[in-house]
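Residue-level structural notes
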Amino acid sequence: VQLQASGGGLVQTGGSLRLSCAASGRTFRPYAVGWFRQAPGKEREFVAGIGWSGGSTSYADSVKGRLTISRDNGKNTVYLQMNSLKPEDTAVYYCAVTYTARPTKDDYDYWGQGTQVTVSS
């Protein structure tokens, strides 16, 4: 499985971005797809996840109400709509997939290359 993340950029506080994660390779039927982020000097953290079949979602508390994860099964693509962005959202954002049911953040096996999101104050 190859994952291609895109859509990052520079935006002002309060602005919006939409990240995309396109999958290619073998038949794409993971259990879930997640978005993670890593800011300079910090550990990588889970941001949002979505079940590939049922579409159930989960979010980190810090992004609830501002970020929305969605998927397009026909395009093998997952999106992360990011609204009301804050400087603390600045990080490299990665998408990843897992084939493990009820995964923890450590169960994600395949990772994209990351896309930079910078929110200026």
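One can find the structure itself at the top, above this paragraph.
The numbering scheme is per chain: residues are counted from 1 as the chain's sequence reads. At least 70 in pLDDT is required for a residue's local features to be given in this predicted model, at least 80 for side-chain atom pairs to be given and counted, and no such filter applies to totals for whole chains, interfaces and linings, which use all residues. Hydrogens and waters are ignored; side-chain quantities use all the structure's heavy atoms.

1. Observations concerning unusual backbone geometry
We count it as follows: Segments assigned H or I by DSSP are reported as helices when at least four residues long, segments assigned E as strands when at least two residues long, and all are numbered from the N terminus. When a residue's accessible area, from a 1.4 Å probe over protein chains only, is under 20% of the maximum for its type it is buried; when over 50% it is exposed; and in between it is partly exposed.
Despite not being glycine, asparagine 76 shows a phi value in the positive range, around 50°. Inspection of the secondary structure puts asparagine 76 in the loop between β7 (67-72) and β8 (77-82). The backbone of arginine 102 shows a phi angle near 45°, a positive value even though the residue is not glycine. When its relative accessible area of 70% is taken as the criterion, arginine 102 is described as exposed.

2. So, the state of the cysteines
Here is the rule: Disulfides are defined as cysteine sulfur pairs within 2.5 Å.
Considering all chains together, one arrives at 1 disulfide under this definition. Here cysteine 21 pairs with cysteine 95 through a disulfide, and the sulfurs are 2.1 Å apart. The disulfide joining cysteine 21 to cysteine 95 has a torsion of about 70° about its S-S bond and is therefore right-handed. Highlighted residues: cysteine 21 in strand β3 (residues 17-24) and cysteine 95 in strand β9 (residues 91-98), separated in sequence by 74 residues. Note on accessibility: cysteine 21 and cysteine 95 belong to one class, buried.

3. Overview of the environment of tryptophan 52
Heads up, the condition is: A contact between two residues is defined here by any heavy atoms of the two lying within 4.5 Å.
On the secondary structure map, tryptophan 52 appears in the loop between β5 (45-51) and β6 (57-59). Spatially, the C-alpha atoms of tryptophan 52 and valine 33 are 6.8 Å apart, while their sequence positions differ by 19 residues. Setting aside chain neighbours within four positions, we find tryptophan 52 in contact with Phe28, Arg29, Pro30, Tyr31, Ala32, Val33, Arg71, Asp72, Asn73, Asn76, Thr77 and Val78.

4. So, the environment of threonine 27
In this structure, threonine 27 sits in the loop between β3 and β4 (32-38). For threonine 27, a relative accessible area of 54% puts it in the exposed group. Between the C-alpha atom of threonine 27 and that of serine 53, which follows or precedes it by 26 residues, the distance is 14 Å.

5. Considering the pattern of salt bridges
Going by this rule: Within this document, salt bridges are pairs made up of a side-chain nitrogen of Lys or Arg and a carboxyl oxygen of Asp or Glu, the two lying within 4 Å of each other.
Within this structure, the stated rule accounts for 5 salt bridges. Aspartate 89 serves as the salt-bridge partner of arginine 37, at 2.9 Å between the closest nitrogen and oxygen. One end of the pair, arginine 37, is in strand β4; the other, aspartate 89, is in the loop between β8 and β9, with 52 residues separating them in the sequence. For the pair arginine 37 and aspartate 89, a shared accessibility class is recorded, and that class is buried. Put simply, Arg37, Glu45, Arg66 and Asp89 are held in one network by salt bridges that share partners.

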